[in-house]
Each structure stands twice: as structure tokens, then as C-alpha cells.
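Structure at a glance
Chain by chain, the residues run as shown.
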Amino acid sequence: MKVLVTGGTGFIGSHVVECLLENGYTPVVLDNLSSGIRSNLADDVSFYNMSILSKEIEQVFKIEKPEVVIHLAAQVNVSTSLKAPVEDAATNILGTINLLDMCKKHAVKKFIFSSSSAVYGDADTVIDEETPTSPLSFYGTSKLVSESYIQLFQRLHGLSFTIFRYANVFGPRQKSDGEGGVISIFINQLLNGKTPSIFGTGNQTRDFVFVEDVAKANVLAIKSGENEIINISCNHQISINELFKLLAAEISSSATPNYLPGQSGEILHSQLNNQKALQTLGWKPSSDIHTHLLKTIEHFQSYRS
Ligand SMILES: NC(=O)c1ccc[n+]([C@@H]2O[C@H](COP(=O)([O-])OP(=O)(O)OC[C@H]3O[C@@H](n4cnc5c(N)ncnc54)[C@H](O)[C@@H]3O)[C@@H](O)[C@H]2O)c1
């Protein structure tokens, strides 16, 4: 079965492509390489260098006739969304609608979407899928608006979907420059003898989920999770200070962090209940955070050598 993966040269998308191949699917990738890297994909994976905003994407649907679309391409930075909300909305909302329109026109059977815990905003409880949404950033808002369009395309045109709201994803191939994930940034700085910075007190907590587990959820959703919104998380929160200590210990670094003022739009605490993923997809995290942190450190160490 052919599966179109938008954003397939990116961090999560490239793991989704690998997982599709391992499970006998034929991935086709559409990505404009704005943050993705072609070498994240095997040479023989079909690749179209195009923007999801372009009218040209219709050619991809005509030529490849995908049965499923896994949509990951996005403007992914919270702070960019606050500085450039128009750009964020164009890629995240209009790009998603452009794809949905093509799915409708070309009889795609299922649309699998990467949304985010950013749709919930701050919550002082463990968040499940019924928790009211209240984004703190335009990024969170653009994901939430896209979710509404996806649900309406299902109601009006019968396009099935699964919407995933990921917690903080980490693992091999995550970028550590610019606004990459905090884990890849800390690992690279510690490996290079630099002093990592922590924004705010470091007592803010996050729920970290391993990228290979996120990829598995996407592949499971091809055959399950019909018209559901599902959290993908470890259901465990860890503070940035604790995370720093863990990584520094694993890397045998004696570095101490440099504390900087907190960032606007930043969520203070985040823990997502993942029971629905177990019930609807049979999905659960494959291991604990320590094992996955070690795997991530090994990746960055081998990348350096
Ligand atoms: N990384 C996380 O912790 C996290 C958490 C929640 C949700 N998500 C979502 O998961 C998805 C993948 O994120 P990621 O972390 O792999 O980021 P990433 O930046 O590595 O991947 C995004 C990909 O989209 C591509 N892209 C961007 N704009 C495009 C456009 N206009 N047309 C075509 N391709 C375009 C980029 O080149 C890149 O390959 C995104 O939708 C993101 O919002 C990520």
C-alpha cells in the first residue's frame, strides 16, 4: 500500500518512513527541505521536493495515487509562530487544507495528522483527550484549527482520520541547532564541553516520548484509531533540571547550566495520559526514558566520531 508522508525528510517523518518500510508499506515523501534533510531518507524512497502549499502537489496525488496520507510537514517552532503568525498559519493551516482538498479529490482513504500537546496549553492535571484546549501560542492554535478542518472533512466528505497529539518527542536525528529539542541540544552541548542554557527556573516539566514509538503509532493508525484524537506520550513528567542532571551523569559531564529568563508562550507543566492510545491502537511506549536517552546519546556520539 502506498502512503504519502509529508515532512518525511524531517526528524519524526524520517522515522515514520523507516517504520513504513519495515512493515511492508511503500512510502512516498513530499517535503520542501525547509528543515528536513534528503539524506535522512534511503536513496530509493520516492521523493518530491515541493511545498504543501503548492498547487503542484496535485501531480503527486495523480502519479502516486496514495491510499493514506501521513501529514507531518509543518512550521514547528513555537517562538517563530509568535513572531510570524501569518507564516505559521500559512504552512500549518493552509498547507493542511490544501492536502485535505487533494485527499478528497483523489479518494484517499485515511489522513493521519501530527498535532501537538501545545493545543492544551497549561494544565495543572494529567491531560487526557477530553481536557479543554487552550493554546498559549499561535503554533498550538494552528494545530487546533487544522484539527477542526480534518474533522469537518470527515463529516462532509467521509475522509477518515487519526489525529495524534504528541508530547515532546526526542531521539536520533532531532536537530540541535536553532530551536531543536531540548534533549538533543543538551546532549550536543555536553558532548562538546559547552555550557547548556536553561530558560526559566528549570522546574518546568515535560512528558518526553521516543521518536521510534511515535513512528509506530503512525503506522498502527493506518489500520486503527478511526476518527479518533489520541495522545502519544509516556504519561510521565520530568523537570528540565532533572533531565539535565540525568544527561550530565550519563555523559560524565560536570557542567552546570546557565539560567536565562523564561520564554513567552512556554507551557509550565505537561503530562499526557496515554490510555486511549493503548485502547484504540494497542500502542504503548516501548521502554523507559533512561533507555531511550542512552540510545539518543549513542546516536549523537556516533555522529560525531
Ligand atoms: N518534535 C516534537 O516534539 C513534536 C511535538 C508535537 C508535534 N510535532 C509535530 O510533528 C511534525 C514533525 O515535526 P518534527 O519534529 O519532525 O519537525 P521537522 O522540522 O524535523 O520536520 C518538519 C518537516 O516538514 C518539512 N516542511 C516544513 N514546511 C513545509 C512545507 N511548506 N512543505 C513541505 N514540507 C515542509 C520540513 O522540511 C521538515 O522535513 C510536525 O507537524 C510537528 O508540528 C512535533
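As recorded by an unreviewed UniProt entry, the protein carries the name UDP-glucose 4-epimerase and is attributed to Priestia veravalensis. Here the protein is described in UniProt, under the heading Sequence similarities (unreviewed entry), as follows: "Belongs to the NAD(P)-dependent epimerase/dehydratase family."

Examining the sheet that holds strand β1 (residues 2–6)
Strand order in the open sheet made by the 7 strands is β3-β2-β1-β4-β5-β6-β11, with parallel pairing throughout. Strands with a single pairing partner mark the edges of an open sheet, and in this sheet they are β3 (46–49) and β11 (228–232). Looking at each pair of strands side by side, their axes are set apart by 20° on average, direction ignored. Across 4 bridges, the pairing between strand β4 (residues 68–71) and strand β5 (residues 110–116) is parallel. Bridging across to β5, Ile 70 finds its partner in Ile 112. Across the face of the sheet, helix α2 (residues 57–64) comes into contact with β1, β2 (26–31), β3 and β4 while running at roughly 160° to β3.

Remarks on the environment of Gly 202
Assignment of secondary structure puts Gly 202 in the loop between β8 (197–199) and β9 (205–206). Taking the relative accessible area as the measure of exposure, Gly 202 reaches 0% and is therefore buried. Spatially, the C-alpha atoms of Gly 202 and Ile 232 are 24 Å apart, while their sequence positions differ by 30 residues. With residues up to four places along the chain from it excluded, the contact list for Gly 202 reads Ser 239, Ile 240, Asn 241 and Tyr 259.

With respect to the domain arrangement of the protein
Interfaces are frequently sized by the accessible area removed from exposure as the parts join. Considered domain by domain, the protein is made up of domain 1 (2–170 + 210–234 + 273–281) and domain 2 (182–205 + 237–272 + 288–304). Once you take the C-alpha centre of each, domain 1 and domain 2 turn out to be 26 Å apart. On the domain 2 side, the residues contacting the 23 residues of domain 1 number 15 residues. Of the roughly 1,400 Å² buried at the junction of domain 1 and domain 2 (both faces included), carbon and sulfur atoms supply 65%. On the domain 1 side of the interface with domain 2, the three residues burying the most area are Asp 122, Phe 170 and Phe 210, jointly 37% of the side's total. At the boundary of domain 1 with domain 2, the tally comes to 1 salt bridge. Here Glu 212 makes a salt bridge to Lys 295, at a shortest N to O gap of 3.1 Å. Here domain 1 is connected to domain 2 by 6 residue pairs in polar contact (both at pLDDT 80 or more). Here the side of domain 1 that touches domain 2 is composed, by residue class, of 12 nonpolar, 7 polar and 4 charged.

Concerning the pairing of β5
A large share of β5 lies buried, amounting to 7 of its 7 residues. Of the two faces of β5, the one holding Lys 110, Ile 112, Ser 114 and Ser 116 and the one holding Phe 111, Phe 113 and Ser 115 are both buried throughout. Sheet topology places β5 next to strand β6 (residues 160–166); 7 bridges connect them, and they run parallel. When the sheet's bridge partners are listed, Lys 110 is paired in β6 with Ser 160. For the crossover from β5 across helix α5 (residues 138–157) to β6, the handedness is right-handed.

Observations regarding the environment of Ile 222
As for its position among the elements, Ile 222 is in the loop between α7 (211–220) and β11. Contact partners of Ile 222, with chain neighbours within four places excluded, come to Met 1, Val 3, Leu 20, Tyr 25, Val 68, Lys 110 and Ile 112.

Some words on the site of the ligand
Taken together, 28 residues lie around the ligand, and Ile 12, Asp 31, Ser 35, Leu 72 and Tyr 139 are the ones closest in. In the environment of the ligand, an oxygen atom lies 3.2 Å from a nitrogen or oxygen atom belonging to the backbone of Gly 10. Contact distances for the ligand include 3.2 Å between a nitrogen atom and a backbone N or O atom of Asn 32. In isolation the ligand exposes 830 Å². Once the protein is present, 92% of that is buried. Secondary-structure elements contributing two or more residues to the shell around the ligand are α1 (11–22), β5, α5 and β7 (168–170). Looking at the shell around the ligand element by element, the count peaks at 3 residues for β5. Within the shell around the ligand, the residues separate by chemical class into 13 nonpolar, 13 polar and 2 charged.

Thresholds, definitions, all that
Residues numbered from 1 in each chain as written. Predicted model: local features only at pLDDT ≥ 70, side-chain atom pairs only at ≥ 80, totals over all residues. Heavy atoms only, no water. UniProt positions renumbered as here; feature names shortened; annotations may be inferred. Pairing = 2+ DSSP bridges. Helix = DSSP H or I, 4+ residues; strand = E, 2+ residues; numbered from the N terminus. Axes fitted to C-alpha atoms, helices over the stretch in contact; angles between N-to-C directions. Contact = heavy atoms within 4.5 Å. Buried < 20%, exposed > 50% of the residue type's maximum accessible area, 1.4 Å probe, protein only. Domains from an automatic or database assignment. Buried area = accessible area lost by both parts, 1.4 Å probe. Salt bridge = Lys/Arg side-chain N within 4 Å of Asp/Glu carboxyl O. Polar contact = N/O pair within 3.5 Å; in protein donor to acceptor, adjacent residues only side chain to side chain. Nonpolar A, V, L, I, M, F, W, Y, C, P; charged D, E, K, R; others polar. Right-handed = clockwise from strand over helix to strand, strands pointing away. Near = heavy atom within 4 Å. Areas by Shrake-Rupley, 256 points an atom, 1.4 Å probe, with all protein chains shown as cover.

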